[in-house]
Amino acid sequence: MIRLGLVGCGQIAREFHIPSIRDSSEARFVALCDNNRVSLQRASSLTSRPRLFDSVDELLESKLVDAVDICTPGFTHFDIASRCLESGLDVLVEKPVALSLREAQELGALSTKCGRKICVVQSLRYHRNVQLLLRILENGQLGRVMKVVCTYHGRNVHNEASWLHDETKSGGIIYELAIHLIDLMALLLGKPNSIVGIHARYRPEIESTTEIESIIDFGDGKIGIVDLTQDTTLHSASYTQASIYCTGADAFLKFAPDYIRVSSGQVNPLQETSEELKRLASFGFKIATRRYRRDRTEPHKRILLGFLNSLRTDTTPPVDVSSVYNTMALADLLSSQVKHVSNISQSVDPLAPQID
Amino acid sequence: MDNSVFGLKASFGNVQQQMDKLILQLKVDWPVHKVAIKVNLCDYRMAESGATSDPRVVKALVLSIFRHYNNPEVAIVETDSSGTRCEALFSILGFRALEQQLGVSLVNLRKTQWQDFALPGLHFSKLKVPTPVIESDLVINHPKMKTHGKTKITIGLKNMFGCVRDKYKARYHPYLDNVIVDVNRAVRSDNIIVDGIIAMEGWGPTYGTPKKAGLLIGGRNPVSVDAFCAFLMGFDPKSVKHVALAERIGLGTTSYNLQGEFDSKSIREQRFKFDFARYHLTKRVEGQIA
């Protein structure tokens, strides 16, 4: 039995991490740690008689656990993960692993030095349709990936935890909100070369970069296009999707409800309609059989159980920290360019439009 | 109780002229030195969405007030909500320009004084009410005309829910209709000026579809105004729970005395059929999604 400690008992921990190993016979959360008593108590009610801690130091000193699962805000990951590795513990850490490539690499080096594992919960990689995409890519059904277009249109995050809308802490739209899509792009296209063009909008009123559009060169003719925004004054619908353009066939991914379509040639109305019908039928089936909500935790569950398995068998964890270096390189590249343009407040005059 | 309701056709081209007519019709006969305008800034959405008060319409309203009340002090008031900060809303949605151009003050009620108000309410026995609103000589309730996922419509009565002090108002959602009625007991609306130039239908109050209704509706009683707006939107006013409750406890009447540009015949032509969120059906699905 692997004794796990959970650091950070917020919503992600309670809704995704605790349920993911509830049925596992391999591991149990024996200790919970959070400086927020309410979160701690809530998480405690979901687990079986855990020891409660309000500081990481106390948890580490207790020697109660074999590995830690870190679900704290992103800006704390590097510090907590480093201390856990140095204390001889294996580490599972929510995304983003850190707020820069340099920190991610330092964690990788530290894990090697300490002989411990570090696994990152980039859960989109283990989403059913992303797994299917990776499989058909591997089988050669799509050919070579040449262009990836990722769209993240989120809601304004000012109704969330205060650290989340402080982009100096959360890393904002790049490192926190759209990191799954950035990870998918890096997974499919590799290490980025340079930014071809970028537009970003900074809102001084809410001290946030609310919009980034960029074209990224990945070398060998491969490009990525990101359209990331959390400004609901300038867009209206909130959704996430990715289009993967390849030499053999293209793939289109939508989420919640999930959808994957592989297509080439002129858009065929019959195929288009039948894929949408499949999406509708799948959604209806999941709702009717009460699987929709359970399926949301599946990617987390796969990573958590994979991590536990890697500890048991001493193999590489499902998302080893070294596998997110390209992701962090892409995030850093975007972030560094955004800083160049974000001083320009490109405000939109709400009085300007005249609809009559 | 004055149940007169004034309905006017309006567009951005004639909004000032129509607003002047409305303010003149609704003019009160007591001295007015301080005016509070409770706008509806529910989220970070531009006025074109139909979700939030339009600064162009508010500007016309303020200019009319200056004209008809001898330049009183005007405060545009709103409260922080679960998802918003008032100061940011005022800036992003264009209200800072009104502050500069017209000299009005923009007030985040959460950061002002509040006082206790005791009442035999449907939900509260004691309620905090915003002092700057209570102490104003004239309180203008300036809602948008929208459908609402939980309360079917949101007009004047629901707009005053924004005078609840808590930032996280979602905690009252299970008792929303009762809380709306209590707030309206505690905080009066002397005039209700509904902006229905660009209204909202469907998944309101934030992410519905803009509906170009081209209407300005005014009145002195929020129950009558809400009932008339519900009728215009294609709903039975008595099927809107908070409107029916407000009538039951004597806040007003759902029957109205229609004045202005419409008579009982022509108003039928103005009647819309707003699409509305079938909240209870979708809630069952959402139970699994959320």
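Predicted model only: the values in this text are computed from it and were never measured.

What about the overall build of chain B?
Within chain B one finds 11 helices and 12 strands. Expected size for 290 residues packed as a compact globule is a radius of gyration near 19 Å; at 17 Å, chain B falls within 12% of this value. Seen through its C-alpha atoms, chain B measures out along the principal axes to roughly 55 × 45 × 35 Å. Relative to its 290 residues, chain B shows a buried fraction of 53%.

Examining the overall build of chain A
When helices and strands are counted, chain A shows 13 helices and 13 strands. For 356 residues, the compact-globule estimate of 2.2 N^0.38 gives 21 Å, and the C-alpha radius of gyration of chain A, at 21 Å, lies within 12% of that figure. Expressed as lengths along the three principal axes of its C-alpha atoms, the size of chain A is roughly 65 × 45 × 45 Å. Burial analysis of chain A (356 residues in total) assigns 42% to the buried set.

Comments concerning the pairing of strand E5 (residues 90–94) of chain A
A regular strand places its side chains so that they alternate between the two faces of the sheet. All names here are of chain A. Across the five residues that make up E5, a large majority, five, are buried. Of the two faces of E5, both are covered, the one formed by Asp90, Leu92 and Glu94 as well as the one formed by Val91 and Val93. Where strand E4 (residues 67–70) lies against E5, four bridges are found, and the strand directions are parallel. Across the sheet, the residue bridging to Ile70 is Val93, located in E5. Tracing the backbone out of E4, into helix H4 (residues 77–86) and back to the parallel element E5 gives a crossover that is right-handed. Read from E5 through helix H5 (residues 101–114) to strand E6 (residues 118–121), the crossover connection turns out right-handed.

Quick notes on the pairing of strand E10 (residues 191–201) of chain B
All names here are of chain B. Burial within E10 is extensive, with 11 of its 11 residues counted as buried. Strand direction decides the pairing type here: strand E7 (residues 138–141) and E10, joined by two bridges, are parallel. From the neighbouring strand, Ile140 faces E10, where its bridge partner is Asn191. Sheet topology note: the strand E8 (residues 144–148)/E10 ladder contains two bridges and is parallel. Counterpart to Lys144 in the pairing with E10 is Asp195. For E10 and strand E11 (residues 209–219), the ladder comprises nine bridges, and the chain directions are antiparallel. Pairing of Glu201 across the sheet is with Thr209, part of E11.

Considerations on the nonpolar core
Residues Leu6, Ala81, Val91 and Met185 of chain A are the most contacted members of the largest nonpolar core, which totals 91 residues. Ranked by the residues each element gives to this core, the list is headed by helix H9 (residues 179–189) of chain A, at nine residues. Taken domain by domain, the makeup of this core includes at least three residues from each of domain 1 (2–123) and domain 2 (125–298 + 329–341) of chain A. Beyond its immediate sequence surroundings of up to four residues, Ala81 of chain A is in contact with Ile70, Val91, Val93, Leu107 and Ile118 of chain A. Membership of the second largest hydrophobic core comes to 86 residues, among which are Leu127, Met145, Cys229 and Phe274 of chain B.

Some details on the sheet that holds strand E13 (residues 259–263) of chain A
Residue and element names in this part refer to chain A. Strand order in this open sheet of seven strands is E8-E9-E10-E7-E11-E12-E13, and the pairing throughout is mixed. Pairing within the sheet leaves two strands with one partner each, and these edge strands are strand E8 (194–203) and E13. When strand polarity is set aside, the average angle formed by the axes of neighbouring strands in this sheet is 10°. Pairing of strand E7 (residues 145–153) with strand E10 (residues 223–229) involves seven bridges; the strand directions are parallel. Across the sheet, residue His153 finds its bridge partner in E10, namely Thr229. Across the sheet, helix H6 (residues 128–138) lies against strand E11 (239–246), strand E12 (250–254) and E13, angled at about 25° from E13, the strand it touches most.

Details of unusual backbone geometry
The residue after Ala256 of chain A, namely Pro257 of chain A, is reached through a cis peptide bond having omega 0°. Position of Pro257 of chain A relative to the elements: it lies in the loop between E12 and E13. Residue Pro205 of chain B is bonded to the preceding Gly204 of chain B through a cis peptide linkage, with omega at 10°. Mapped onto the fold, Pro205 of chain B is located in the loop between E10 and E11. Even without a glycine there, the phi angle at Arg49 of chain A is positive, about 40°. Tracing the chain through its elements places Arg49 of chain A in the loop between helix H2 (37–44) and strand E3 (51–53). Unusually for a residue other than glycine, Glu207 of chain A sits at a positive phi of about 50°. The exposure class assigned to Glu207 of chain A is partly exposed, which follows from the 13 C-beta atoms found within 10 Å.

Looking at the domain arrangement of chain A
Residue and element names in this part refer to chain A. When cut into domains, chain A gives domain 1 (2–123) and domain 2 (125–298 + 329–341). Distance between the C-alpha centres of domain 1 and domain 2: 27 Å. Ranked by residue count, the leading element in the side of domain 1 that touches domain 2 is helix H1 (residues 11–20), at three residues. Looking at the side of domain 1 that touches domain 2 residue by residue, the class counts come to seven nonpolar, five polar and one charged.

Points about the packing of helix H7 (residues 176–186) of chain B against helix H9 (residues 241–248) of chain B
Residues and elements named next belong to chain B. For the pair H7 and H9, interaxial distance at closest approach is 9 Å and the crossing angle is 45°. The angle between H7 and H9 places the two elements in the oblique class. Relative to H9, H7 is oriented so that their crossing is right-handed. Residues Asp177, Ile180, Val181 and Asn184 of H7 touch H9, and the partners they reach there are Lys241, His242, Leu245 and Ala246.

What about the confidence of the model for chain B?
Should the pLDDT be low somewhere, the predicted coordinates at that spot are not to be read in detail. Per-chain confidence: chain B averages 92 in pLDDT, with 95% of residues scoring 70 or above. Interface confidence for the predicted complex, given as ipTM, is 0.77, next to a pTM of 0.86.

Let's talk about the sheet that holds E4 of chain A
Residues and elements named next belong to chain A. As summarised here, the arrangement of the six strands in space is E3-E2-E1-E4-E5-E6, forming an open sheet in which the pairing is parallel. Two strands close off the open sheet at either side, each with one partner strand: E3 and E6. Across the sheet, the mean angle separating the axes of adjacent strands is 25° when strand polarity is ignored. The sheet strands contacting H2 are strand E1 (2–7), strand E2 (27–33) and E3, and the helix crosses E2 at an angle near 160°.

So, the packing of H4 of chain A against H5 of chain A
All names here are of chain A. Contact pair H4 / H5: the axes reach a minimum separation of 9 Å and the direction vectors enclose 10°. The pairing of H4 with H5 is recorded here as roughly parallel in orientation. Across the interface between the two elements, Phe78, Ala81, Ser82, Leu85 and Glu86 of H4 pack against Glu103, Leu107, Leu110, Ser111 and Cys114 of H5. The residue makeup of the contact of H4 with H5, split by class, is six nonpolar, two polar and two charged.

Topic: the environment of Gln230 of chain A
With respect to the helices and strands, the residue Gln230 of chain A is situated in the loop between E10 and E11. A sequence separation of 77 residues divides Gln230 of chain A from His153 of chain A, and the C-alpha atoms of the two residues are 5.9 Å apart.

Thresholds applied
- Position numbers for residues count from 1 along each chain, tracking the sequence in the order it is written.
- Whichever chain is written first becomes A and whichever ligand is written first becomes 1, with later ones labelled in order.
- In view of the model being predicted, local features appear only for residues whose pLDDT reaches at least 70, and side-chain atom pairs are presented and counted only at 80 or more, with totals across whole chains, interfaces and linings using the full set of residues.
- For the purposes of this entry, the term helix denotes a DSSP run of H or I that reaches at least four residues, the term strand denotes a run of E that reaches at least two, and both are numbered from the N terminus.
- C-alpha atoms define the radius of gyration, and 2.2 Å times the number of residues to the power 0.38 defines the globule rule.
- Remark: C-beta atoms are placed from the backbone, and a residue is labelled buried if 20 or more other C-beta atoms sit within 10 Å of its own, exposed if 12 or fewer do, or partly exposed between those counts.
- The rule for pairing is simple: two strands pair if DSSP sees at least two bridges between them.
- Seen with the strands pointing away from the viewer, any crossover whose path from the first strand over the helix to the second strand runs clockwise is right-handed.
- Nonpolar core, as used here: buried Ala, Val, Leu, Ile, Met, Phe, Trp, Tyr and Cys residues forming one set through C-beta atoms within 7 Å.
- Throughout, the edges of the domains are those of an automatic or database domain assignment.
- Residue pairs are scored as contacts if the distance between their C-beta atoms, which are placed from the backbone, is within 7 Å.
- Every angle, taken between N-to-C directions, lies between 0 and 180 degrees, and every axis is a line fitted to C-alpha atoms, over only the stretch in contact when it is a helix.
- Gly is put with the polar residues, along with every residue not named as nonpolar or charged; the nonpolar set is Ala, Val, Leu, Ile, Met, Phe, Trp, Tyr, Cys and Pro, and the charged set is Asp, Glu, Lys and Arg.
- In what follows, roughly perpendicular refers to angles from 65 to 115 degrees, roughly parallel to angles under 35, roughly antiparallel to angles over 145, and oblique to any angle outside these ranges.
- Crossing handedness is defined as follows: a turn of the near helix away from the far one that is anticlockwise and smaller than a right angle gives a left-handed crossing, while the clockwise case is right-handed.
- Every residue is assigned a pLDDT by the predictor, reflecting its confidence on a scale from 0 to 100.

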